[in-house]
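# Reading the structure
Below, each chain spelled out in residue letters.
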Amino acid sequence: AQSVTQPDIHITVSEGASLELRCNYSYGATPYLFWYVQSPGQGLQLLLKYFSGDTLVQGIKGFEAEFKRSQSSFNLRKPSVHWSDAAEYFCAVLMEYGNKLVFGAGTILRVKS
Amino acid sequence: DSGVTQTPKHLITATGQRVTLRCSPRSGDLSVYWYQQSLDQGLQFLIQYYNGEERAKGNILERFSAQQFPDLHSELNLSSLELGDSALYFCASSPSGLRTDTQYFGPGTRLTVL
């Protein structure tokens, strides 16, 4: 069955440090992959998406993600984290049926000063 | 601000009751999606509408129903509410039904069933 795994429930990084959030997917065909961010009390905001082409995708707020088919991964990275990046991050894969997004369980990012 | 609006922001009700959640998609968007976010199930797809027609169903309970009106706004009706229905309900919209569309999410309606 199609699924998305985010192995880290919580991650804490220092402000200014680099960040990598892990995402592994299970999907039979070529996946359409997304990273969304949810700040407390807010909806989901799209950070970036991958459909095809260049496997390194640039997004908003200085985030990037790399699609690695051989590892079934789509990890999110940021070279220098800001306190305002503290939020919950969701990786998702788009199903063909209904264009429904299947989300991972999320990773809560804490930023310490 | 995604341009998707949802009302109400918060809803507190009792078990056995019925509620209606409303979603207005971004201007021009034809597709509307409903998702439920709960502590135990995470974010789950419920249902999709495209230009007034149901397009796909996910893990939506029979007690729940939805519709999309000619003006493209959508309503999610939840009936015979149970404690376990307490969750954050998101609406998302996209321009069409294409897979390459981005889904833009509203701020959600937080439902508390007491």
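Above this text you will find the structure in question.
So, a few notes on the structure that sits alongside this text. Note that the structure is a prediction, hence the values are computed from the model and not measured.

Turning to the side chain of Asn99(A), a few remarks are in order. Note that Asn99(A) resides in the loop between β10 (87-94) and β11 (101-103). Polar contacts involving the side chain of Asn99(A) include one to the main-chain carbonyl oxygen of Leu98(B), which spans 3.4 Å. Once residues lying within four places of it in the same chain are set aside, the contact partners of Asn99(A) are Leu94(A), Tyr33(B), Tyr35(B), Gln48(B), Gly97(B), Leu98(B), Arg99(B) and Gln103(B).

All names here are of chain B. Counted residue by residue, strand β9 (residues 87-94) has 8 buried out of 8 residues, so it is predominantly covered. Side-chain alternation along β9 places Ala87, Tyr89, Cys91 and Ser93 on one buried face and Leu88, Phe90, Ala92 and Ser94 on a second face that is also buried. Of the pairings in the sheet, the one linking strand β4 (residues 31-38) to β9 comprises 7 bridges and is antiparallel in character. Looking at β9, one finds that Trp34 is bridged to Cys91. For β9 and strand β11 (residues 109-113), the ladder comprises 3 bridges, and the chain directions are antiparallel. Residue pairing across strands places Leu88 opposite Arg110, the latter belonging to β11.

Reading the values: the criteria
- Residues numbered from 1 in each chain as written.
- Chains lettered and ligands numbered in written order.
- Predicted model: local features only at pLDDT ≥ 70, side-chain atom pairs only at ≥ 80, totals over all residues.
- Heavy atoms only, no water.
- Helix = DSSP H or I, 4+ residues; strand = E, 2+ residues; numbered from the N terminus.
- Polar contact = N/O pair within 3.5 Å; in protein donor to acceptor, adjacent residues only side chain to side chain.
- Contact = heavy atoms within 4.5 Å.
- Buried < 20%, exposed > 50% of the residue type's maximum accessible area, 1.4 Å probe, protein only.
- Pairing = 2+ DSSP bridges.

Keep in mind these numbers describe shape, not what the thing actually does.
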